[in-house]
Amino acid sequence: MSEHSSALAHQFDDLEQQFEASTLGMWAFLITEIMFFGGLFLGYAIYRSLYPEAFAEASRLLDYRLGAINTAVLICSSLTMVLAVRAAQLGQRKALIVFLLLTIFLGSAFLGNKVVEYAHKFEHHLVPGASFSPEPPLAHPQQAQLFFGFYFAMTGLHALHMIIGIGILTMLVVQSKRGRFSSEYFSPVDITGLYWHFVDVVWIFLFPLLYLISRT
Amino acid sequence: MSTAVFNPRPDQLDQDSQTHRWNYLNVGYTIKSWLLTHDHKRIAILYLISVTLFFFLGGLFAVFIRLELMTPAGDLMQSETYNKMFTMHGIMMVFFFLIPSIPAVLGNFLVPLMIGARDLAFPRLNLLSWYIYIIGGLFTFAAVLLGGVDTGWTFYTPYSSTYSNTNVILAAVGIFITGFSSILTGINFIVTIHKMRAPGLTWFRLPLFIWAHYATSLIQVLGTPVIAITILLVGLERLFHIGIFDPKLGGDPILFQHLFWFYSHPAVYIMILPSMGVISELITCFSKKKVFGYHFIAFSSVAIAVLSFLVWGHHLFTSGQSIYAGMVFSFFSMAVAIPSAIKVFNWTATLYKGSVSYQAPMLYAIGFIGLFTIGGLTGIFLATLAVDVHVHDTYFIVAHFHYIMVGGAIMGYLGGIHFWWPKITGRLYPEGWARFAALVVFVGFNLTFFPQFVLGYLGMPRRYHIYPEEFQMLNVMSSAGATILGVGYLIPLIYLFWSLRHGPIASANPWGATGLEWKTPSPPPTENFERTPVVTEEAYEYTPSREKLKESEVV
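Residues numbered from 1 in each chain as written. Chains lettered and ligands numbered in written order. Predicted model: local features only at pLDDT ≥ 70, side-chain atom pairs only at ≥ 80, totals over all residues.

**Observations concerning the overall build of chain B**
Threshold: What counts as a helix is a DSSP run of H or I of at least four residues, what counts as a strand is a run of E of at least two, and both are numbered from the N terminus. As defined in this context, the radius of gyration uses C-alpha atoms, and a globule is described by 2.2 Å times the residue total to the power 0.38. By the convention adopted here, residues make contact when the C-beta atoms placed from their backbones lie within 7 Å.
From N to C terminus, chain B includes 18 helices and zero strands. For 555 residues, the compact-globule estimate of 2.2 N^0.38 gives 24 Å, and the C-alpha radius of gyration of chain B, at 24 Å, lies within 12% of that figure. If one aligns the C-alpha atoms of chain B with their principal axes, the spans along those axes are about 80 × 50 × 45 Å. Taking contacts inside chain B between residues at least 6 apart in sequence as the whole, the part at least 24 apart equals 86%.

Structural data, given as structure tokens:
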């Protein structure tokens, strides 16, 4: 019992109220995240409708196979995250730790892949700015820079969210090793799951918008 | 004329008669007990101190602006310096005073008290929001010390993204960071109001202050991330030239204006809505009467929050926006007048046949109604497409938004600070001085900003420090008014400090007000209430119904 009461913060009456509050808080936060990414998606939509050919041309310079692999990796990480939440709800500490570690591993694999992709862009002079000079030359080099501006801003911001997510998951692993969670108290795992799925969903939108627009 | 009868409940008398009592202020005196506190009341005090500092810093820049404008020639400073002055004034006042002022100080202190909770839902997040605010403030302050910014508080591209040679990045990072403190406060309030209301406190029994803060929080949560991404894009543009606002690469500088005003127009309502919430409390308390049209005032707050996201285009009437978009934005901008007018009419109707008394907070409230009405009605001028072309970028705009932000938001803030001062500090402020200061503020404010309507209508553009000689008379009036206004702000600073030590001890409910925050001692204990209160009546039951009176006779 002492374990339960230590999980209950003083401002709440019971664990149920605390769980509902933290869940609602995370949803409200995710709404701010949607608005945050929304600004970028809006800019992308405007410029793609203005310069459809330039965007299609620039999109062909991305390696869709790497993007597809990363999509699969992220969807698997969502599965392991769900299993981690389930393990937390059932109070299975070992399974929880294993699934959290698997999620961290898949997230890191995604980021590693991203590093490889970014390095390619630097090697092929596809980074916007003075050194932007793709080979062979493009029909619309200016607007292609705009595309790559969005590519780096959107995937970069997404990657930052992944890094933060991996940091939180690591903290959860440490806490579960200390036996912090039980079938009565698992809301940190639960709301981290919400966050992790949100970051995945952002990628599900980014992948077709950036990699697949010229492949209809 | 009926006089207000105030019978303190027996339990309150007990609490008042105790000579020593633990409260949130005397529970600890170390610096650590303040800087690491999770108590929403102490965090409110931290915010109170910091927003006051930023207010006087922003005011200092205003002093230089008004000094320069005393004469038609540019004799005090060069154009570049003047540009920095009005930019720093705007940034400090908007992002570091007006937006956090009422929510982070009064809201932080009062939301849990008013709904009968022990604290906000996320106390640690609340403390974090203050630290984020301070870090953002330090960045922006560093930008000031290193030479300032000259883009205007609006950071319009391509000037901000490509051409300005001042500390744009540093100031932008400061505003970006501070935005997250606003978001965290908003999330905290939404969750707290949803999940932590005392038993019996249904949505339509909530004080209107809470409704106003709920609507404000919605705007903070939905709008602030958009300014965050916009500022981030300006930074990326400056550092890496990604091209999104750069016409050379096919980008569009006007997109910045859309994104900027998508947040910054709703941000005006972040400033004014909490103030309206304060006014609803003040008007009812000092009329000793149930508020007229509770549901209408409550929903008008939400309506303003919703409409606030549909009006940003009225800042772009002269930016080459399509005329049809302009017409739609014009329509919605005028529609904001409806919920605003509902509030003003309902407050006025609340005064009718009330037992009105004119203590200092009430003077601020009445001043608010008049000044907000002028500010709101001139907003209709600006929402009118043809008139806007004439007055766009003139002092008419400057006068209009100062009537809303200073005449509205700051009057509400000062009224609220006076009203809840006994609750916050446990001391009464000197009433005579406070009434005098309220009058000084009112006179100084009008003398400062009313001439600016005339100046703008006659064609004096904003953001210039050299102007034709025929405008000097009105500018001198404005500068004289600003001096009076400045004195009006310094007087409360002095007597409120004085009252901390020498003010009379406040009872739990010095105003005879309803509301849960008055049912706990002043200042409240750390856990707010000894027992969780149970609410059995509607808000603002100042005139108990006959059935209630009969019941009490029976008891």
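**Brief notes about the overall build of chain A**
So the rule is basically this: Think of it as a crowd count around each C-beta: if 20 or more other C-beta atoms lie within 10 Å the residue is buried, if 12 or fewer it is exposed, and in between it is partly exposed, with C-beta placed from the backbone throughout.
The helix and strand tally for chain A stands at seven helices and zero strands. In chain A, the succession of helices and strands from N to C terminus is α-α-α-α-α-α-α. When its C-alpha atoms are laid out on the principal axes, chain A stretches across 70 × 30 × 30 Å. Taking all 216 residues of chain A together, the buried fraction comes to 34%.

**A closer look at the interface of chain A and chain B**
To keep things clear, this is the line we draw: Three categories are distinguished: nonpolar for Ala, Val, Leu, Ile, Met, Phe, Trp, Tyr, Cys and Pro, charged for Asp, Glu, Lys and Arg, and polar for the others, with Gly belonging to the last.
In this complex, chain A contributes 27 residues to the contact, which on the side of chain B involves 31 residues. Looking at the side of chain A that touches chain B, the elements that each hand over two or more residues are α2 (15–50) and α6 (141–177) of chain A. The greatest single-element share of the side of chain A that touches chain B, amounting to 16 residues, is contributed by α2 of chain A. Taken together, the residues that form the side of chain A that touches chain B break down as 14 nonpolar, 12 polar and one charged.

**Quick notes on the packing of helix α8 (residues 208–240) of chain B against helix α9 (residues 253–287) of chain B**
Residue and element names in this part refer to chain B. Applied cut-off: Fitted lines through C-alpha atoms serve as axes, helices being fitted only where they are in contact, and the angles separating the N-to-C directions of these axes extend from 0 to 180 degrees. Each angle gets one of four labels, with under 35 degrees taken as roughly parallel, over 145 as roughly antiparallel, 65 to 115 as roughly perpendicular, and the rest as oblique. Here a crossing is taken to be left-handed if its near helix is turned anticlockwise relative to the far helix by less than a right angle, and right-handed if that turn runs clockwise.
Put simply, α8 and α9 touch, their axes get as near as 8 Å, and they point 165 degrees apart. Accordingly, the angle class assigned to the pair α8 and α9 is roughly antiparallel. For the crossing formed where α8 meets α9, the hand is left-handed. Its residues assigned to classes, the contact of α8 with α9 comprises 21 nonpolar, nine polar and one charged.

**Details of the environment of A383 of chain B**
Residue and element names in this part refer to chain B. Residue placement: A383 occurs in helix α13 (residues 360–383). Classification of A383 as buried rests on a count of 21 C-beta atoms within 10 Å. Sequence-wise, A383 and P247 are 136 residues apart; in three dimensions their C-alpha atoms are separated by 29 Å.

**What about the nonpolar core?**
Stated formally: Among buried residues, those of type Ala, Val, Leu, Ile, Met, Phe, Trp, Tyr and Cys that are joined through C-beta atoms within 7 Å form a set called a nonpolar core.
Core analysis: the largest hydrophobic core is formed by 220 residues, its most contacted members being A84 and F147 of chain A together with I115, I210, A215 and L282 of chain B. Per-element tally for this core: the top contributor is helix α4 (residues 79–114) of chain B, with 22 residues. When residues no more than four places from it in sequence are discounted, the contact partners of A84 of chain A are L96, F99, L100, T103 and V189 of chain A.

**Quick word on unusual backbone geometry**
Most peptide bonds adopt trans geometry, and most residues besides glycine take a negative phi value. With omega at 0 degrees, the peptide bond leading from T157 of chain B into P158 of chain B counts as cis. Checked against the element boundaries, P158 of chain B lands in the loop between α5 (123–145) and α6 (159–163). Across the junction of S522 of chain B and P523 of chain B, the peptide omega takes the value -15 degrees, indicating a cis bond. Counting through the fold element by element, P523 of chain B comes out in the loop between α17 (472–502) and α18 (546–554). Positive phi outside glycine occurs at H125 of chain A, with the angle close to 55 degrees. Its location among the elements puts H125 of chain A in the loop between α5 (93–123) and α6. Under the C-beta neighbour-count criterion, H125 of chain A is labelled exposed, with 12 such atoms within 10 Å. A positive phi angle, close to 55 degrees, is found at H241 of chain B, a residue other than glycine. Looking at the secondary structure, you find H241 of chain B in the loop between α8 and α9. What makes H241 of chain B buried here is the crowd of 20 C-beta atoms within 10 Å.

**Topic: the environment of C285 of chain B**
Residue and element names in this part refer to chain B. Counting through the fold element by element, C285 comes out in helix α9. For C285, a count of 24 C-beta atoms within 10 Å corresponds to the buried category. For the pair formed by C285 and S357, sequence separation is 72 residues and the distance between their alpha carbons is 9.2 Å. Contacts of C285, omitting those with residues within four sequence positions, involve W511 and A513.

**Description of the packing of α2 of chain A against α8 of chain B**
Here α2 of chain A crosses α8 of chain B at 40 degrees, and the two axes come no closer than 8 Å. Judged by the inter-axis angle, α2 of chain A sits oblique to α8 of chain B. Of the two elements, α2 of chain A crosses α8 of chain B, and the hand of that crossing is right-handed. Together, A28, I31, T32, M35, F36, G39 and L40 of chain A of α2 of chain A and V221, L222, P225, V226, A228, I229 and T230 of chain B of α8 of chain B make up the contact between the two elements. Along the lines of polarity and charge, the residues of the contact of α2 of chain A with α8 of chain B split into 11 nonpolar, three polar and no charged.

**Details of the confidence of the model for chain B**
All names here are of chain B. As a reminder, the rule being used: The predictor attaches a confidence to each residue, and that confidence, scored 0 to 100, is pLDDT.
Model confidence for chain B is summarised by a mean pLDDT of 92, while 94% of its residues fall at 70 or above. Taken as a whole, residues 1–18 scores under 50 in pLDDT and shows 15 contacts with residues more than four places along the chain or in a different chain. Here the predicted complex carries an ipTM of 0.93, next to a pTM of 0.93.

**Overview of α13 of chain B**
Convention followed: Given a helix with a known number of residues, its expected span is that number minus one, times 1.5 Å.
The terminal C-alpha atoms of α13 of chain B lie 34 Å apart, and with 24 residues this matches the ideal 34 Å at 1.5 Å per residue to within 8%. Of all 24 residues in α13 of chain B, 17 are buried; the element is thus mostly enclosed.

**A short note on the environment of M70 of chain B**
Residue and element names in this part refer to chain B. Its location among the elements puts M70 in the loop between α3 (40–68) and α4. Classification of M70 by C-beta neighbours within 10 Å gives partly exposed; the count is 14. Apart from the residues lying within four places of it in its own chain, the contact partners of M70 are N475, V476 and S479.

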